[in-house]
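Coordinate inspection notes
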Amino acid sequence: MIHEQTIRSAVGCTGIGLHSGASVSMRILPAPPGTGIVFHRIDLDGFAIEAVSRNVARVSYATSLMKKGVLISTTEHLLSAFIGLGIDNAIVELDNLELPILDGSAQPFVEMIRKAGIRKQRRPRKYLKIRREVEMREGNKFIAVYPADSYSVSYSINFPHPLIGKSTFQVQLSNGSYLRHIAAARTFGSRQDEPAMRNMGLIRGASSENCIVLTRDGIENGPLRFSDEFVRHKVLDLVGDLALLGNQILGKVVADRAGHAMHTALVSRILRDKTLWEEVTVSNEETPRDAVSSVQAAAGSAL
Ligand SMILES: [Zn+2]
């Protein structure tokens, strides 16, 4: 049987929030079986906010949680790392409203958790196994989940930039493939959009240290970590947003030009309808093989 896991010892870091630009100290602590992931605002008497769908608040360029007016912002990269490493239970202490962006990927969180060590717990992990398909469309955006015995993602983007264009990435999120193919993919933004985003009070902490900066026809701060780093980051975000289901999922997720709003809409749609899924445990022999594939086309040739 696959069991729940937590970390072995407390581990911490400091950084700044991508959107708020605020300095923040973060600590990750071990937690008992059945806890899930719970954030604590230690600057607000340790106010606790569980990382679950019912606490999702504002969702635009990042995913934020809110409970009784208290906010925790940009949760997706850390939650993604927890899913990628199979961490079910942890307390995350923050002394400000936004998680640190660090290098813009999940890699620094992965390294912190590995440094802390991973501890197997007594309780068998309950998976949310999809039984019936769910498809959601919004204009040309699409997201769906289909029944499957393992967790896989197929993500497509179509971004009018010579380095991106149409790009699809498919990955089986098991046996280390998250760590090899997804964790290090950084967030990205364009120089041209920067003034408008800043006017909306966003990306106050953005710099060439924590995101890929796109220019009209290239990037300012190369090299890329993967030639298709952009679509891989979308997978990273999706995995982090789907963590708000509160359990690891068994299903095939397909997304096309989706974003945080559609990711979290899928989560609440799934949780609302209990005929769509069942809770199961999984024996150790059932872990699927590593599989990854990527399709890329330059924007020019795709038009
Ligand atoms: Zn992201």
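See the structure printed just above.
Okay, so let's go over this structure.

Cut-offs used in this document
- Residues numbered from 1 in each chain as written.
- Predicted model: local features only at pLDDT ≥ 70, side-chain atom pairs only at ≥ 80, totals over all residues.
- Heavy atoms only, no water.
- Core = buried A, V, L, I, M, F, W, Y, C linked by side-chain atoms within 4.5 Å.
- Buried < 20%, exposed > 50% of the residue type's maximum accessible area, 1.4 Å probe, protein only.
- Helix = DSSP H or I, 4+ residues; strand = E, 2+ residues; numbered from the N terminus.
- Phe/Tyr/Trp six-rings, centres within 6.5 Å; stacked < 30°, edge-to-face > 60°.
- Axes fitted to C-alpha atoms, helices over the stretch in contact; angles between N-to-C directions.
- Parallel < 35°, antiparallel > 145°, perpendicular 65-115°, else oblique.
- Contact = heavy atoms within 4.5 Å.
- Nonpolar A, V, L, I, M, F, W, Y, C, P; charged D, E, K, R; others polar.
- Pairing = 2+ DSSP bridges.
- Salt bridge = Lys/Arg side-chain N within 4 Å of Asp/Glu carboxyl O.
- Donors = N, O, S within 2.8 Å, 3.2 Å for Na, K, Ca; no water.
- Tetrahedral: all angles 85-135°; square planar, octahedral: opposite > 155°, others 65-115°.

**A short note on the nonpolar core**
- Met 26, Ile 28, Phe 39 and Phe 82 are the most contacted members of the largest nonpolar core, which totals 68 residues.
- It is helix H5 (residues 229-242) that provides the largest number of residues to this core, a total of seven residues.
- Grouped together as the second largest cluster of nonpolar side chains are eight residues, Leu 18, Leu 202, Ala 206 and Cys 211 included.

**Description of the packing of aromatic side chains**
- Summed over all chains, the structure comprises two aromatic pairs.
- Note on Phe 159 and Phe 188: the rings are 5.9 Å apart at their centroids and 85° apart in plane angle, and the pair reads as edge-to-face. On the criterion of sequence distance, the pair formed by Phe 159 in strand S14 (residues 151-159) and Phe 188 in strand S16 (residues 188-190) is long-range, its members being 29 residues apart.
- Using a relative accessible area of 22% as the deciding quantity, one classes Phe 188 as partly exposed.
- These aromatic residues form a ring-pair network of at least three members: Phe 159, Phe 188 and Phe 230.

**Let's talk about the packing of helix H1 (residues 76-85) against H5**
- Two elements in contact, H1 and H5, have axes separated by 7 Å at closest approach and are oriented at 80°. Classified by the angle their axes make, H1 and H5 are roughly perpendicular. On the side of H1, the interface is formed by Glu 76, His 77, Leu 79, Ser 80 and Ile 83, while H5 contributes His 233, Leu 236, Asp 237, Val 239, Gly 240 and Asp 241.
- Partitioning the contact of H1 with H5 into residue classes produces four nonpolar, four polar and three charged.

**Some thoughts on the pairing of strand S15 (residues 165-172)**
- Note: S14 against S15, eight bridges, orientation antiparallel. In the strand pairing of S15, Ile 157 is matched with Ser 167.
- The antiparallel hairpin formed by S14 and S15 contains five residues in its connecting segment.

**Describing unusual backbone geometry**
- Of note, the bond from Gly 222 into Pro 223 is cis; its omega dihedral lies within 30 degrees of zero at 0°.
- As for its position among the elements, Pro 223 is in the loop between strand S17 (212-214) and H5.
- Within the chain, Asp 45 stands out as a residue other than glycine whose phi angle is a positive 55°.
- Mapped onto the elements, Asp 45 comes out in the loop between strand S4 (37-41) and strand S5 (47-50).

**What to know about the pattern of salt bridges**
- Within this structure, the stated rule accounts for 15 salt bridges.
- In this structure, the salt-bridge partner of Arg 125 is Asp 88, at a minimum N-O distance of 2.9 Å. With a gap of 37 residues between them, Arg 125 in the loop between strand S10 (118-124) and strand S11 (127-130) and Asp 88 in the loop between H1 and strand S9 (90-94) connect regions that are remote in the sequence.
- Classification of Arg 125 as buried rests on a relative accessible area of 6%.
- Among the charged side chains, a network of salt bridges with common partners joins Arg 191, Glu 194, Arg 198 and Glu 220.

**Considering the coordination of the zinc ion**
- Within the protein, His 77 (NE2), His 233 (NE2), Asp 237 (OD) and Asp 237 (OD) serve as the donor atoms for the zinc ion, at 2.1 to 2.8 Å.
- The coordination sphere of the zinc ion comprises four donor atoms, whose angles at the metal cover 52 to 148°; the geometry is irregular.
- Sequence positions of the donors to the zinc ion reduce to the motif H-x155-H-x3-D. Of this pair, His 77 sits in helix H1 while His 233 sits in helix H5, and the two are 156 residues apart along the sequence.
- Accessibility expressed as a relative area gives 5% for His 77, which makes it buried.

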